[in-house]
Amino acid sequence: MIGKATLADYAADGPADGDGGQGDMSRPVTIAFIAESAGVSVPTVSKVINGKSGVSADTRARVEALVNEFGYRKPTGANRNNVVELVFRELKHMWAVEIIRGVERVARRHRVGLMVSEFGLHDTAEPTWDDTVSRRPNCVLSVAQLSEAEREQLKAKGIPFVVFDPATELPDDVPFVGATNWSGGRAATRHLTELGHRRIAMISGPQDQLYCCARLDGYRSALQAAGLPVDPELVAYAPLTSEDGCVAARSLLALAERPTAIFAANDLQALGVYQAAREAGLRIPDDLSVVGFDDLPVVAWVDPPLTTVHQPLTEMAAAATELALTLGRGEEAPQVGLEIATTLTVRASTAPPKN
């Protein structure tokens, strides 16, 4: 999470307009200085300066009075570095390579530098966002999900940002690029119902992840459209790893009436299903059909090659970078949010069920 702001962290922010202010001009007039003087947080001052809601009338009046007294100016983009910073919470997943490839392609075309940062999870003790702010990138593309305080900190420094594939609901004014997760989940499940499967299980991801919920909703919609019941017994929840996918698949395959097909929320989980099927002596697709989601390059080379929903990670990353650079130039974006279509890639891991 964001550590406590210091005056040094914000020393480059908004210098006073000449000597017209009446405050102590031996100290830099920064947003942190205004916050300290008002006895409020930096995000609160940022909300007042940017005309956002969520601040009491008394606090707003106090902050505005200090802004006028000390002659604070909002920072401009003139002193930002010609770099796009790509931020991950964790860099261990294979799909990170596809995202980096898309960002690098656009950055190179625009002759903009690229910096990749790994921040760790939200409970990290490292003040990593302060580091990003102090580097003053032209813009930030965050695969990490930005908290309100983190968004306000970037806004306070005049650093535009875009969220990649949001995991949680965002305010309407937060720019993002995502994928059609609901349609992808529906297409995957519809493919299995059209093959004749009637007992279709799903391994979903964490229930607090927006895109996982959308894929699960698409699965349910396709079952209902096919006139099939949505059986809670056939839905398992697991982290998006092959190990956890394997554990979830073992429990599904151990049911008295096991599923004839499993749709996994991502390709890594699907690879875990492959392992569980081998342990159970089941052949794919003869005894069990499997569908994944993402279409990572590796799944075309497993045995049998995996049928999966193609999430255009590279294209999504390229579009997100274009959006971030547009905002970085101070231009108005054509749209705040963009969803790029997913498509089903059919390979050899799915087949009609045995009679």
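**Q** Which parts of the structure should I look at to understand the overall build of the chain?
**A** When helices and strands are counted, the chain shows 11 helices and 12 strands. Looking at the chain as a whole, 52% of its 355 residues are labelled buried. Accessible surface, the chain: about 15,800 Å² in total, of which carbon and sulfur atoms supply 52%.

**Q** Honestly, the confidence of the model for the chain in this entry has me stumped. Any pointers?
**A** Detailed conclusions should not be drawn from predicted coordinates in areas where pLDDT is low. Residues of the chain with pLDDT of at least 70 account for 85%, and the chain-wide mean is 85. Confidence over residues 1–27 falls short of pLDDT 50; this stretch has 62 contacts with residues more than four positions distant or in other chains. Counted against residues more than four places away or in other chains, residues 121–127, with its pLDDT under 50, gives 9 contacts.

**Q** It is not clear to me how the packing of helix 2 (residues 42–49) against helix 6 (residues 148–156) should be interpreted in this structure. Could you clarify?
**A** The axes of two packed helices give the description: the angle between them and the distance between them. It is at 9 Å that the axes of helix 2 and helix 6 come closest, and there the two elements cross at 60°. Overall, the two elements helix 2 and helix 6 adopt an arrangement that is oblique. For helix 2 against helix 6, the interelement crossing comes out left-handed. Contacts from Val42, Pro43, Ser46 and Lys47 in helix 2 reach Glu148, Ala149, Glu152, Lys155 and Ala156 in helix 6. Of the residues contributing to the contact of helix 2 with helix 6, the split by class is 4 nonpolar, 1 polar and 4 charged.

**Q** I would appreciate a short explanation of the pattern of salt bridges in the present structure.
**A** Any two side chains of opposite charge can pair, given that their charged atoms come close. Scanning the model with the defined rule gives 15 salt bridges in all. Taking the shortest distance from any N to any O, the salt bridge between Arg109 and Glu322 comes out at 2.5 Å. Here Arg109, found in helix 4 (residues 95–109), pairs with Glu322, found in helix 11 (residues 313–328); they are 213 residues apart in sequence, far enough to count as distant. Note on Arg109: relative accessible area 51%, which makes it exposed. Each of Arg283, Asp286, Asp287 and Lys354 takes part in a single network of salt bridges with overlapping partners.

**Q** Please explain the sheet that holds strand 3 (residues 137–142) as it appears in this structure.
**A** One key point about sheets: their strands pair by backbone hydrogen bonds, in either a parallel or an antiparallel sense. The 6 strands are arranged 2-1-3-4-5-11 in an open sheet whose pairing can be described as parallel. Whereas interior strands pair on both sides, the edge strands pair on one side only; in this sheet they are strand 2 (113–118) and strand 11 (337–340). Taking the axes of each pair of neighbouring strands and ignoring which way they run, one obtains an average angle of 20° across the sheet. As paired elements, strand 4 (residues 161–164) and strand 5 (residues 176–179) share 2 bridges and run parallel to each other. Along strand 5, the bridge assignment pairs Phe164 with Val177.

**Q** Help me understand the sheet that holds strand 8 (residues 261–264) in this model?
**A** Judged by pairing direction, the sheet is mixed, and its 6 strands sit side by side in the order 7-6-8-9-10-12 without closing on themselves. Here the strands that pair on one side only, and so sit at the sheet edges, are strand 7 (235–237) and strand 12 (343–345). Each strand of the sheet is rotated relative to its neighbour by a mean of 20°, with strand direction disregarded. Relative to strand 8, strand 6 (residues 200–204) is paired through 4 bridges, and the arrangement is parallel. Across the sheet, residue Ile203 finds its bridge partner in strand 8, namely Ala264. In this fold helix 8 (residues 210–225) packs onto strand 6, strand 7, strand 8 and strand 9 (289–294), with an angle of close to 170° to the strand it touches most, strand 6.

**Q** Help me understand the pairing of strand 10 (residues 307–310) in this model?
**A** A regular strand carries its side chains on alternate faces of the sheet. Pairing of strand 9 with strand 10 involves 4 bridges; the strand directions are parallel. Looking at strand 10, one finds that Asp294 is bridged to His310. Bridge count between strand 10 and strand 12: 3 bridges; the pairing is antiparallel. Residue pairing for strand 12: Val309 is matched across the bridge by Leu344.

**Q** Sorry if this is basic, but what is going on with helix 2 here?
**A** An α-helical turn contains 3.6 residues, so a residue and the one three or four places further along point in the same direction. Those residues of helix 2 not exposed but buried are Val42, Val45, Ser46, Lys47 and Val48. Those residues of helix 2 hidden inside the fold are in contact with helix 1 (31–38), helix 3 (57–70) and helix 6.

**Q** Would you explain the packing of aromatic side chains in this entry?
**A** Geometrically, a pair of aromatic rings is defined through the distance of the ring centres and the angle of the planes. Summed over the entire model, instances satisfying the criterion amount to 0 aromatic pairs. The ring of Phe293 is capped by Arg215, whose NZ or CZ atom sits 3.8 Å from the centre of that ring.

**Q** What exactly am I supposed to notice about the pairing of strand 8 here?
**A** Every second residue of strand 8 is oriented toward a common face, with Ala261 and Phe263 on one face and Ile262 and Ala264 on the other, all of them buried. Following the backbone out of strand 8, through helix 10 (residues 267–279) and into the adjacent parallel strand 9, one traces a crossover that is right-handed.

**Q** Help me understand the side chain of Asp267 in this model?
**A** Counting through the fold element by element, Asp267 comes out in helix 10. What Asp267 contacts, discounting residues up to four positions off in sequence, is Gly292, Phe293, Asp294, Asp295, Leu296, Val299, Leu306 and Thr308.

**Q** How do you make sense of unusual backbone geometry when you look at a structure like this?
**A** Keep in mind that most residues, glycine aside, have a negative phi and that most peptide bonds are trans. In this model, Ile284 is joined to Pro285 through a cis peptide bond whose omega is 5°. Relative to the assigned elements, Pro285 resides in the loop between helix 10 and strand 9. Look at the link from Asp303 to Pro304: it is a cis peptide, with omega at -5°. Looking at the element boundaries, Pro304 is found in the loop between strand 9 and strand 10. In this model, Arg111 sits at a positive phi of 55°, which is unusual for a non-glycine residue. You can call Arg111 exposed: its relative accessible area is 75%. For Asp295, which is not glycine, the phi torsion reads 65° and is therefore positive.

So, how was this worked out
Residues numbered from 1 in each chain as written. Predicted model: local features only at pLDDT ≥ 70, side-chain atom pairs only at ≥ 80, totals over all residues. Heavy atoms only, no water. Helix = DSSP H or I, 4+ residues; strand = E, 2+ residues; numbered from the N terminus. Buried < 20%, exposed > 50% of the residue type's maximum accessible area, 1.4 Å probe, protein only. Areas by Shrake-Rupley, 256 points an atom, 1.4 Å probe, with all protein chains shown as cover. pLDDT = per-residue confidence, 0-100. Contact = heavy atoms within 4.5 Å. Axes fitted to C-alpha atoms, helices over the stretch in contact; angles between N-to-C directions. Parallel < 35°, antiparallel > 145°, perpendicular 65-115°, else oblique. Left-handed = near helix turned anticlockwise from the far one by under 90°. Nonpolar A, V, L, I, M, F, W, Y, C, P; charged D, E, K, R; others polar. Salt bridge = Lys/Arg side-chain N within 4 Å of Asp/Glu carboxyl O. Pairing = 2+ DSSP bridges. Phe/Tyr/Trp six-rings, centres within 6.5 Å; stacked < 30°, edge-to-face > 60°. Lys NZ or Arg CZ within 6 Å of the ring centre and 35° of its normal. Right-handed = clockwise from strand over helix to strand, strands pointing away.

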